[in-house]
Amino acid sequence: LLVAYFLLLWPTIVADSLDSVTEENSPTPQQPEIPSPVPEKKSSRKTKEKPPLHAISLKSSNFGSQVSDGNVWLIEFYTPTCRYCVAFAESYNNVAAAFHSSPQEGIRVAKVDCQVEKALMARFGIEGFPSFFLVDGWSVYPFEESRSEAALLDFARGGYKKQQPIPYYS
């Protein structure tokens, strides 16, 4: 019983001891805080930084933070065993290189492995592979044209605005 009581209180004991150490090491009014030589990281919204030249892999764990960065996202849903996906992989990487080499366009290219990411596959209602969607803020547009580099480039550069967005389930 004593051991169980100790285990219940252990997090409180550790937190109290850490607080006292932190208070001892915190600067007092006589000790000015020295600024860090490392500059603060700026917001990544619509950044002009160059992303990698290949398609960015999205997972359930990073999907929301990546796609909500203020850029337009062209996303391929694929499986590594799909022969059509494998055949189109080089072309899709060319699309990624085209957009990622000119970040001023504000278009990111990503891919989702549906063998692993079943939740994202269900969220977008994927029925065949490869499937392409464009996410612009809270609006989602399916790519329903012929599968080619030129068609994807045109679609992402504004062709998607000619159609109505589909419902998006968060």
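Residues numbered from 1 in each chain as written. Predicted model: local features only at pLDDT ≥ 70, side-chain atom pairs only at ≥ 80, totals over all residues. Heavy atoms only, no water.

1. Section: the sheet that holds strand E2 (residues 72–78)
Piece 1. Spatial strand order, E1-E3-E2-E4-E5: five strands in an open sheet with mixed pairing. Taken across any chain shown, the strands that pair with only one partner, and hence form the sheet edges, are strand E1 (56–57) and strand E5 (139–142).
Piece 2. Summarising the sheet, strand E4 (residues 131–136) and E5 pair through four bridges and their orientation is antiparallel. Residue Phe 133 lies in a different strand from E5, and its bridge partner there is Pro 142.
Piece 3. Of the strands in this sheet, E1, E2, strand E3 (107–113) and E4 touch helix H3 (residues 83–100), which is tilted by about 155° from E3. (Pairing = 2+ DSSP bridges. Helix = DSSP H or I, 4+ residues; strand = E, 2+ residues; numbered from the N terminus. Contact = heavy atoms within 4.5 Å. Axes fitted to C-alpha atoms, helices over the stretch in contact; angles between N-to-C directions.)

2. Digging into the nonpolar core
Piece 1. Of all hydrophobic cores here, the largest spans 20 residues; its most connected members are Tyr 92 and Leu 152.
Piece 2. Elements with a contribution of two residues or more to this core: E2, H3, E3, E4 and helix H5 (149–156). (Core = buried A, V, L, I, M, F, W, Y, C linked by side-chain atoms within 4.5 Å. Buried < 20%, exposed > 50% of the residue type's maximum accessible area, 1.4 Å probe, protein only.)

3. Quick look at the pattern of salt bridges
Piece 1. The tally for this structure, following the rule as stated, stands at one salt bridge.
Piece 2. Between Glu 105 and Arg 157 there is a salt bridge, and its shortest N-O distance comes to 2.8 Å. One end of the pair, Glu 105, is in the loop between H3 and E3; the other, Arg 157, is in the segment after H5, with 52 residues separating them in the sequence.
Piece 3. The partly exposed category is assigned to Glu 105, whose relative accessible area is 30%.
Piece 4. Judged by its relative accessible area of 47%, Arg 157 is partly exposed. (Salt bridge = Lys/Arg side-chain N within 4 Å of Asp/Glu carboxyl O.)

4. A short note on the packing of H3 against H5
Piece 1. Closest axis-to-axis distance for the H3/H5 pair is 9 Å, and the angle between their directions is 40°. Handedness of the H3/H5 crossing: right-handed. Packed against H3, whose contacting residues are Phe 88, Ser 91, Tyr 92, Asn 94, Val 95, Ala 98 and Phe 99, the element H5 presents Glu 149, Leu 152, Leu 153 and Ala 156 at the interface.
Piece 2. Along the lines of polarity and charge, the residues of the contact of H3 with H5 split into eight nonpolar, two polar and one charged. (Left-handed = near helix turned anticlockwise from the far one by under 90°. Nonpolar A, V, L, I, M, F, W, Y, C, P; charged D, E, K, R; others polar.)

5. Re H5
Piece 1. Among the residues of H5, Ala 151, Leu 152, Leu 153, Phe 155 and Ala 156 are the ones counted as buried.
Piece 2. Lining the buried residues of H5 we find E2, H3, E3, E4 and E5.

6. Some details on unusual backbone geometry
Piece 1. Cis geometry is adopted by the peptide bond preceding Pro 130, which originates at Phe 129 and carries an omega value of -15°.
Piece 2. Tracing the backbone through its elements, the reader meets Pro 130 in the loop between helix H4 (118–123) and E4.

7. Description of the pairing of E2
Piece 1. With respect to burial, E2 is a largely interior element, seven of its seven residues being buried.
Piece 2. Alternating positions in E2 separate into two faces, Val 72, Leu 74, Glu 76 and Tyr 78 on one and Trp 73, Ile 75 and Phe 77 on the other, with burial throughout.
Piece 3. Here E2 pairs with E3 via seven bridges, running parallel. Paired with Leu 74 across the bridge in E3 is Val 109.
Piece 4. After leaving E2, the chain enters H3 and then returns to the sheet as E3, a path that is right-handed. (Right-handed = clockwise from strand over helix to strand, strands pointing away.)

8. What about H3?
Given 3.6 residues per helical turn, the α-helix brings residues three or four places apart onto the same face.
Piece 1. Under the 1.5 Å per step criterion, the end-to-end length of H3 is 26 Å for 18 residues, consistent within 8% with the ideal 26 Å.
Piece 2. Within the span of H3, buried status applies to Cys 85, Phe 88, Ser 91, Tyr 92, Val 95, Ala 96, Phe 99 and His 100.
Piece 3. Considering only its buried residues, H3 is in contact with E1, E2, E3, E4 and H5. (Expected span 1.5 Å × (residues − 1).)

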